[in-house]
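# Architecture at a glance
So the chains spell out like this:
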Amino acid sequence: MIEDSPAATARATIEGLRAADVATRRRAAEDLALCGEDARVAAVPLALAAADADEYVREFAVAALESLGPPLAGDHDALVAVAGDERTPDDAVYWAVTLLARLGPAAVTDRTRETLMRLCLHASAGVRRRTRWAIRRLG
């Protein structure tokens, strides 16, 4: 049986965000922006796509991130890893922190706290501000 739902569309589109071909990444980001909350299944790849080299991909990835609400609880560890990796571009760190905050206080672990405290010293002022917001939100 073929699953035909926005969530299935989102899952099928995730690989497109990682494609070498910019047109494929653009289509994937635009499709995910149309999925609304069903794009939750693509939260981590979308956070990374928010730092894509292509402006069109970045804009649609951010549009998807703004409307997806909280990510899946199972994405917690991957989001902490993205946020805490010094090689992660600033825009992706910003969105990983945002998504961690959307998970709420119940999802906070020692590793999350350590990562957020380290990000308070991040080189990007935008990441530092978003991190302080996330810490307040998470308590």
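This write-up is about the structure you can find in this document. (Residues numbered from 1 in each chain as written. Predicted model: local features only at pLDDT ≥ 70, side-chain atom pairs only at ≥ 80, totals over all residues. Heavy atoms only, no water.)

What follows is about the overall build of the protein. Scanning the protein from terminus to terminus reveals eight helices and zero strands. Scaling as 2.2 N^0.38, a compact globule of 139 residues should have a C-alpha radius of gyration of about 14 Å, and the protein matches this with 15 Å. Taking the principal axes of its C-alpha atoms as reference, the protein extends roughly 45 × 30 × 20 Å. The long-range fraction of contacts in the protein, counting pairs at least 24 apart against all pairs at least 6 apart in sequence, stands at 66%. As displayed, the protein offers around 7400 Å² of accessible surface, 52% of which is attributable to carbon and sulfur atoms. (Helix = DSSP H or I, 4+ residues; strand = E, 2+ residues; numbered from the N terminus. Rg over C-alpha atoms; globule rule 2.2 N^0.38 Å. Contact = heavy atoms within 4.5 Å. Areas by Shrake-Rupley, 256 points an atom, 1.4 Å probe, with all protein chains shown as cover.)

Moving on, we come to the nonpolar core. If you look at the biggest cluster of nonpolar residues, it comprises 39 residues, and the most contacted ones within it are Leu32 and Leu46. Residue assignment for this core shows that the elements contributing at least two residues are helix H1 (6-17), helix H2 (22-33), helix H3 (43-49), helix H4 (55-67), helix H5 (76-84), helix H6 (90-103), helix H7 (110-119) and helix H8 (125-138). Counting residues per element, this core draws most heavily on H6, which supplies eight residues. Ignoring anything within four residues of it in the chain, the contact list for Leu46 reads Leu17, Leu32, Ala39, Ala61, Ala64, Leu65 and Leu68. (Core = buried A, V, L, I, M, F, W, Y, C linked by side-chain atoms within 4.5 Å. Buried < 20%, exposed > 50% of the residue type's maximum accessible area, 1.4 Å probe, protein only.)

Summed over the entire model, instances satisfying the criterion amount to five salt bridges. One salt bridge in this structure joins Arg87 and Asp85, with 2.8 Å as the shortest N-O distance. For Arg87, a relative accessible area of 73% gives the class exposed. Under the relative-accessibility criterion, Asp85 is labelled partly exposed at 25%. For the salt bridge of Arg113 with Asp110, the shortest nitrogen-to-oxygen distance reads 3.1 Å. In this pair, Arg113 and Asp110 both sit in helix H7, three residues apart, roughly one turn of the helix. (Salt bridge = Lys/Arg side-chain N within 4 Å of Asp/Glu carboxyl O.)

Given a rise of 1.5 Å per residue, 13 residues ought to cover 18 Å, and the 19 Å separating the end C-alpha atoms of H4 matches this to within 8%. Next to the buried residues of H4 lie H2, H3 and H6. The opening residue of H4, the one whose side-chain oxygen lies 3.2 Å from the backbone nitrogen of Tyr56, is Asp54. (Expected span 1.5 Å × (residues − 1). Polar contact = N/O pair within 3.5 Å; in protein donor to acceptor, adjacent residues only side chain to side chain.)

A few words on the packing of aromatic side chains. Considering all chains together, one arrives at two aromatic pairs under this definition. Measuring from centroid to centroid gives 4.8 Å for Tyr56 and Phe60, while their planes differ by 45°, and the two rings are tilted. Here the residue Tyr56 and the residue Phe60 both occupy positions in helix H4, the gap between them amounting to four residues, near one helical turn. For the ring pair Tyr94 and Trp95, a centre distance of 5.7 Å and an interplane angle of 75° mean the geometry is edge-to-face. When the ring centre of Trp133 is taken as reference, the NZ or CZ atom of Arg130 above it lies at 4.2 Å. (Phe/Tyr/Trp six-rings, centres within 6.5 Å; stacked < 30°, edge-to-face > 60°. Lys NZ or Arg CZ within 6 Å of the ring centre and 35° of its normal.)

Glancing now at H8. Taking 1.5 Å as the rise per residue, H8 with 14 residues should run 20 Å; its terminal C-alpha atoms sit 20 Å apart, in good agreement. Restricting attention to buried positions, one finds in H8 the residues Val127, Arg130, Thr131, Ala134 and Leu138. Projected down its long axis, H8 shows its buried positions confined to an angular sector of 105°, all on one face. Exposed residues pointing more than 90 degrees away from the buried face of H8 are listed as Arg129 and Arg136. Taken together, the buried residues of H8 touch H6 and H7. (Arc of directions from axis to C-beta.)

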